Amino acid sequence: MAQPGAGSAVTAGAVLQLVRQKDELEARIRACYELLRDSGVGPDEPLVDAEGFPRADIDVYRVRAARHSIACLQNDHKALMKQVEEALHQLHAREKEKQAKDQAEALAEALSQSQGQGLAQPQAFARVNAVTPESPASVSGLQVDDEIVEFGSVNVHNFQNLQNIATVVQHSEGRPLSVTVIRNGKKVHLGLTPKRWAGKGLLGCNIIPLQR
């Protein structure tokens, strides 16, 4: 049985093709079981009578053919399910790799911007006062008491209220944001990707404005 994507990157279309093949195999297996049921015999019942002769109440040849088909189709189904599992694993791994690359690019951009701004300590406009474990904020490395200097396009010069941050988050769902914070007196750059997760919102943290 051919493996779509073998020797090249697996695509979502190739996975869908495998799933369609799986559905077709399962339909053929069900048809064989229905044939056995209609014949009044199960998959394991003997096909000979007490004296060792072929049973006269069933079509022995037809039943044997159905049983053989079931065995072959189940083997094919098992192999196909392994292909589906491997293809899905490759797709997920590639998605993780892409996300890591996007975050690295966001960090590089943040570093490049900071180098052009000189050595003066930037001014923070908000503070993180809660971070939920396993949330996008937690995964990015954001910590409680981090003071936010830049959050995407928002900085101390254009920050008016928390709605500014909320707007940036809503328009950046699924895309990495460059975030710069002050932590223990040092500037730290993060790549934060707002996205749906098990908890509320797209970040999983609470931010409050700083009173200067």
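Up top you'll find the structure we're talking about.
Residues numbered from 1 in each chain as written. Predicted model: local features only at pLDDT ≥ 70, side-chain atom pairs only at ≥ 80, totals over all residues. Heavy atoms only, no water.

S.K.: Give a description of the overall build of the protein that names residues and reports values.
M.R.: Looking only at helices and strands, the protein features four helices and six strands. Reading the protein from its N end, one meets helices and strands in the order α-α-β-α-β-β-α-β-β-β. Relative to the globule expectation of 17 Å for 212 residues, the C-alpha radius of gyration of the protein, 30 Å, shows a markedly less compact shape. Dimensions of the protein, computed from the C-alpha atoms along their principal axes, are close to 100 × 35 × 25 Å. (Helix = DSSP H or I, 4+ residues; strand = E, 2+ residues; numbered from the N terminus. Rg over C-alpha atoms; globule rule 2.2 N^0.38 Å.)

S.K.: Residue-level account of the pattern of salt bridges, with values.
M.R.: Tallying each qualifying case throughout the model produces eight salt bridges. Salt-bridge contacts for Asp57 lead to Arg55; the nearest nitrogen and oxygen are separated by 2.9 Å. Relative accessible area serves as the criterion here: at 55%, Asp57 is assigned to the exposed category. Among the salt bridges present, the one from Asp102 reaches Lys98, with a minimum N-O distance of 3.2 Å. Of this pair, Asp102 and Lys98 both sit in helix H2 (residues 60-115), four residues apart, roughly one helical turn. Because the salt bridges share partners, they merge into one network encompassing Lys22, Asp23 and Glu26. (Salt bridge = Lys/Arg side-chain N within 4 Å of Asp/Glu carboxyl O. Buried < 20%, exposed > 50% of the residue type's maximum accessible area, 1.4 Å probe, protein only.)

S.K.: Tell me what's going on with unusual backbone geometry, and back it up with residues and numbers.
M.R.: Positive phi is not limited to glycine here, since Glu134 has a value of about 70°. Following the sequence through the fold, Glu134 ends up in the loop between strand E1 (126-131) and helix H3 (136-140). In this structure Glu134 comes out as exposed when scored by relative accessible area, which is 69%. In this model, Asp145 sits at a positive phi of 80°, which is unusual for a non-glycine residue. With respect to the secondary-structure elements, Asp145 resides in the loop between H3 and strand E2 (147-151).

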